[in-house]
Every structure is written in structure tokens, then in C-alpha cells.
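Residue-level structural notes
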Amino acid sequence: MALYWCTECIPLAVTALLPVVLFPMMGIMKGGDVSIEYLKDTNMLFIGGLFVAIAVEYWDLHKRIALRVLLLVGVRPSLLMMGFMIVSSFLSMWISNTATTAMMLPIAHAVLQQLKVTELQADEIDIPAEAENKVSLEMETKQGTVDKKMREDKHPLENREYDHEAQKESRRKAMEERYDLLTKGMSLSVCYSASIGGTATLTGTTPNLILQGQMNDLFPGNGGIINFASWFGFAFPNMVIMLILAYFWLQFMFLGFNLKRTFGCGEKTDRDREAYAVMKNEYRKLGNMKFAEVCVLIVFVLLVALWFTREPGFIDGWATVLFNQEATYVTDGTVAILVSMLFFLIPAQMPSLNGYGYNDEGKLIKVPPTLLNWQVVHERMPWSIVLLLGGGYALAAGSENSGLSKWLGTQLSPLKDIPAFAISLVLSLLIATFTECSSNTATTTLFLPILASMARTIEIHPLYVMLPCTIAASLAFMLPVATPPNAIAFSFGNLRVLDMVKAGAMLNLIGILTINLAVNTWGYAMFDMGTFPDWASSNTTTNP
């Protein structure tokens, strides 16, 4: 399966179905037990989160949020890059990084194109004006100096015209180079920030959910240590630090460190006003906020609030008080499915006594459409990922039942003599390198069971190695094929592979160092990583 996932010789989802066939035939697990692994609580959380993302995209709420923030930030190069990175990372926390990149890049390129056109028009005016000023200056000089100049140069008008054309061509080339560099920087900033933003929430990217599922399978007594609130508490500050450092690195690479010039101070130029008008016009096209958009926003906020307050950790959450006093009955997946059902119940239009228009047959429509219908969900839902998640859980369960995980853990026992922080750092680097050539989903699915066995054998907290490696799997910054956002940016931004490698290599290093800083500081305290927990010493798994 590892070979098939890495080479993608058959679709990833088809590879994920192999345990259903092979495990029963090899006597590793019963067919019924294997099949149950394919639709667990984590899959329900993933599906519920995608319902919300589909609703946000369907009603263009994400575009309204993006343009509103960009209008607030401004159009100066550094501010523009900062605005696009903030918006891309925020949206990627809730919708897929691919959808975020695909939406944000056309907006970025439209703004940059307008900036370039406006500057070209300004240059057409400025250069002749400079030439006229020079003529006036020459007329005001002493007559003797003028005569001397005329004697030395028999064709002053021709030379002046030649200088004007040369100056114009030189400035045009400089502008082309500057905007080519800015376009590259803006394209990379969008795709990189989308990947970074997905690490901040449990539903932001698939590896995060795989970690939660593997923890619950391999360590069933962990007490729900990974939930939406605990993940956000650890990963969001890490994402912010990573985003800030990525911004300064991209600023240095593509805009330089003349912050006064790139941020700009004082009065706005015509170029700034024209570019601002482009974004303002795009925002106007959306019209006033629709009833459906308001409803989607309310449901979205409700879901996030319920996730955070279900089991915050420092106090009893609403689920603990109402349902989970004896056992964990209500999970994040329960909440996600409950709230996502509202999209199929809430009408997309205000209640009206006059009906809701007419159908193709000319009959009055008496019932309003809902915020989502199954046809839209069916077209946009990546069902293959659900199978891929299930295949990973089945593989982990098979590894445990067959004794493979225990054997691998035994082979890694010599690592016990190495400091834990060094193990975490080296493994993060390994995962970040591996994920450049393989999907982050396949990478985490393959490595997390091995890391869990290793942690159990050398008696360190499983999250001390599994958590940084999970986030490191999202650090695919160096190659266009590493992740879909990179591929989209590569096609949009006139990028060369070398441009992406140079920018991405440093970002990989920044990401690995930031993750390990987080694990050894606030993460260490949050998850009590200084001790080897009792629930990690058990070598049994439970199948529902």
C-alpha cells in the first residue's frame, strides 16, 4: 500500500480499499471488523466540516470576506501581500486550501495587473514632462553656455529624442522585472499561506484528522486528548508564528527590505487608487449581503462555538454536563453532523406569502430552496478522501492485530538513548522531505502508526513525535507537484521550479523549527508531554 500510495499507479482511494480484500484473506482481521474502520467518528467530523465548507463556497461568503479584508488592508505591495496571506490562511482554516488558492490567485493577479497598467500610463506622462523640464532649464541658462553646447552637439533635438526613448525603454524593462518578481511573490504567498492556515484547525487539512483517528484507535484510553479546542489551542499560535516568519521571508525574497518604500507612507497615488477600484468593483459585483449568506454565517459561527465549548478542558463543557458524564457519547463529529443538517432545513430566501418565483412549467414555487441540496453536495464532496481516511485506519488496525507495530517499535528501541527533542526534530525533517514527493494524507497514514509504536517502545509521550510530524506533513513548499495549491500557483505566477525550491526550502526549515518550538513550550505544558502516560502503555486497540 505504501508503494501504491507513493507512486499513485492506481487512484489513492482504490489503494485504500485493499485492506478490505487482503486482511480477511491473510487471516489478520475479519471482514466485518475491517469494514467498520472505514466510517468512524473522525470521518463524520470530516464530512460535517466539508458540508460547512461547501455551503460557504456555494454562497460566495468566502469571496465577500476576502475582498472586505483586502479593501481594509490597502494595495501597497507589502500590505497587499500581508492582506492576501491573512485572508488565505483564515479561509484555509475552514475550507480546503485548494479552493482557497483557486479563488484568491485570480483576485491577486487582477489587482497586480491594474497596478502595472496604471504605472505604465503614469510613466507615459512623466517622461515627456521630464523632457520638457530639461528644455526649459536649458533655455534659462546663460547664452554663452547654450552657444557652447550647440557647437559641441550639432543635433541636440535628435539626441534628446534618443535619450527620451532610451529612458522610456529602460524604465519599462525595470518595471517588467519588478512586476514579474511581485507576481511570483504574491502567487507563492497565497499558496503557502493556504497550506499553513490549514494546520490551525482540526478540520483544516486531512492529516490533522488522521492524527485524531490514529490516537483514538491506537490509544483508546487517551480520554479524547485531541479535540477541536485542544488542537486549536496548540496549533493556532504555531500557525500565526509560521505565517509571520513566512511573510518576512517572502518580503525579503521578492520585495526587499525597504519597508518604507513598499509599505508606503503619505498620500495615495493614482496607481493605488486604480488598484483599489478594481477590488472595490469586484466587491460591488457581489451586491448586498443575501439572506442565505447571513444564514450560512450564523450556522458557521454556531458550529465553531459548539466545537470550542464542547470540552474546553479547563472547565466542563456543555457536552460533559448534558451527555458525557458516564462516557464520551457526544463528540466533535456529532456536533458537525448536527449543525450541518441545518443547511438542508433552513430556507435560502426570506419567508414570503407571494411564492418564490416560477418553475420551467410556469407554476408558482410555494416552497423556498434550502441553503444546500444533495445535488450540490454530491458534486463538490471529495468522497475519495473518506475512503482514504478509512484505509489509513484499517491499515493501522491491521498493523496492531498482526504484531507489525510491536515489531517495528522494538527495532526502533535504540533511539531511547537519543534526546527526545532531537528525535522529534529529525523525524519532522524526514516527514517534511517525504511529503514533497507524496500526498500529506498518505504520508501521515503511513508514518503515524510507526511513530506510535516507537513512542510506546522508548516510553516518550506519543504526541511528542506524532504531533510535530503531522503538521510537518503539511509543509510541502518546495515542488509544484507536492500539493494542489503549489500546482495552481505554478500555473498562475510565471514561476520556475527553482523559484519555488529557493523560497520553499527556507519555509520548510522555518516550519520545522517553529513546530518543534511549539511542542517544547506551550504544547509541552498543554499535553503534559514530560511524562509517559498510562494510556500509552497499553498495547491493545478496540474495534467498534
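**Description of the overall build of the protein chain**
- On a plain count of helices and strands, the protein chain comes out with 27 helices and 0 strands.
- The buried share among the 544 residues of the protein chain stands at 48%.
- On the protein chain, roughly 25,800 Å² of surface is accessible, and the fraction owed to carbon and sulfur atoms is 63%.

**Examining the packing of helix α11 (residues 206-218) against helix α22 (residues 440-458)**
- At their nearest, the axes of α11 and α22 sit 10 Å apart, and the two run at 35° to each other. The way α11 lies across α22 gives a crossing that is right-handed. Contacts between α11 and α22 involve Thr 206, Pro 207, Ile 210, Leu 211, Gln 214 and Leu 218 from the first element and Asn 440, Thr 441, Thr 444, Thr 445, Leu 448, Pro 449, Ala 452 and Arg 456 from the second.

**Some remarks on the packing of aromatic side chains**
- Taken as a whole and judged by the stated rule, the model has 21 aromatic pairs.
- Here Trp 318 and Phe 323 contribute two aromatic rings whose centre-to-centre distance is 6.5 Å and whose plane-to-plane angle is 85°, an arrangement assigned as edge-to-face.
- The exposure class assigned to Phe 323 is partly exposed, which follows from its relative accessible area of 43%.
- Ring pairs connect the aromatic residues Phe 90, Trp 94, Phe 228, Phe 232, Phe 236, Phe 300, Trp 307 and Phe 308, which therefore count as one cluster.
- The cationic tip of Arg 64 hangs over the ring face of Tyr 283; the distance from NZ or CZ to the ring centre is 5.7 Å.
- Just above the ring of Tyr 283 sits the side chain of Arg 68; from NZ or CZ to the centre is 5.1 Å.

**Topic: unusual backbone geometry**
- Within the chain, Asp 60 stands out as a residue other than glycine whose phi angle is a positive 60°.
- Position of Asp 60 relative to the elements: it lies in the loop between α5 (41-58) and α6 (61-73).
- The backbone phi angle of Glu 459 is positive, close to 60°, even though this residue is not glycine.
- Considering the arrangement of structural elements, one finds Glu 459 in the loop between α22 and α23 (462-472).

**Points about the confidence of the model for the protein chain**
- The pLDDT averaged across the protein chain works out to 80; a share of 82% of its residues lies at or above 70.
- Here helix α9 (residues 143-152) is the element of the protein chain with the lowest mean pLDDT, 48, and α23 is the one with the highest, 93.
- Across residues 148-152 the pLDDT falls below 50, and counting only partners more than four positions away or on other chains, this stretch makes 1 contact in the model.

**Side note on helix α7 (residues 77-92)**
- Between its first and last C-alpha atoms α7 spans 22 Å; for 16 residues at 1.5 Å apiece the expected length is 22 Å, and the two agree.
- Along α7, the positions that sit buried rather than exposed are Pro 77, Ser 78, Leu 80, Met 81, Gly 83, Phe 84, Met 85, Val 87, Ser 88, Ser 89, Leu 91 and Ser 92.

**Focus: the nonpolar core**
- With 142 residues, the main nonpolar core has Phe 84, Met 104, Tyr 192, Val 465 and Met 466 as its most contacted residues.
- Counting residues per element, this core draws most heavily on helix α12 (residues 228-254), at 13 residues.
- For Tyr 192, the contacting residues outside a window of four places in its chain are Leu 250, Phe 477, Asn 486, Met 500, Ala 503, Gly 504 and Leu 507.

**Focus on the pattern of salt bridges**
- Applying the stated criterion across every chain yields a total of 8 salt bridges.
- Ionic pairing is found between Lys 184 and Asp 499, a salt bridge with its closest N-O pair at 3.0 Å. Residue Lys 184 is found in helix α10 (residues 156-197), and its partner Asp 499 is found in helix α25 (residues 497-519); the two are separated by 315 residues along the sequence.
- Overall, the relative accessible area of 9% leaves Lys 184 in the buried class.
- Judged by its relative accessible area of 7%, Asp 499 is buried.
- Glu 293 is the salt-bridge partner of Lys 290, the closest N and O atoms lying 3.6 Å from each other.

**Let's talk about the packing of helix α21 (residues 420-434) against α25**
- Across the interface, α21 lies against α25 with an axial gap of 10 Å and an inter-helix angle of 145°. Note that α21 runs across α25; the crossing there is right-handed. Along the contact surface, α21 presents Phe 421, Ser 424, Leu 425, Ser 428, Leu 429 and Ala 432, while α25 presents Asn 508, Ile 512, Leu 513 and Asn 516.
- A class-by-class count of the residues in the contact of α21 with α25 yields 6 nonpolar, 4 polar and no charged.

**Some points on the side chain of Asn 43**
- Within the secondary structure, Asn 43 sits in helix α5.
- Relative accessible area serves as the criterion here: at 0%, Asn 43 is assigned to the buried category.
- Look past the residues within four positions of Asn 43 in its chain and what remains in contact with it is Tyr 38, Val 386, Leu 389, Gly 390 and Tyr 393.

**So, the environment of Val 190**
- Along the polypeptide, Val 190 turns up in helix α10.
- What makes Val 190 buried here is its relative accessible area of 0%.
- Put simply, Val 190 and Met 104 are 86 residues apart on the chain and 7.1 Å apart in space, counted from C-alpha to C-alpha.
- If near-sequence neighbours (up to four positions away) are discounted, Val 190 is found in contact with Phe 84, Ser 88, Thr 101, Met 104 and Leu 105.

Basis of the calculations
- Residues numbered from 1 in each chain as written.
- Predicted model: local features only at pLDDT ≥ 70, side-chain atom pairs only at ≥ 80, totals over all residues.
- Heavy atoms only, no water.
- Helix = DSSP H or I, 4+ residues; strand = E, 2+ residues; numbered from the N terminus.
- Buried < 20%, exposed > 50% of the residue type's maximum accessible area, 1.4 Å probe, protein only.
- Areas by Shrake-Rupley, 256 points an atom, 1.4 Å probe, with all protein chains shown as cover.
- Axes fitted to C-alpha atoms, helices over the stretch in contact; angles between N-to-C directions.
- Left-handed = near helix turned anticlockwise from the far one by under 90°.
- Contact = heavy atoms within 4.5 Å.
- Phe/Tyr/Trp six-rings, centres within 6.5 Å; stacked < 30°, edge-to-face > 60°.
- Lys NZ or Arg CZ within 6 Å of the ring centre and 35° of its normal.
- pLDDT = per-residue confidence, 0-100.
- Expected span 1.5 Å × (residues − 1).
- Core = buried A, V, L, I, M, F, W, Y, C linked by side-chain atoms within 4.5 Å.
- Salt bridge = Lys/Arg side-chain N within 4 Å of Asp/Glu carboxyl O.
- Nonpolar A, V, L, I, M, F, W, Y, C, P; charged D, E, K, R; others polar.

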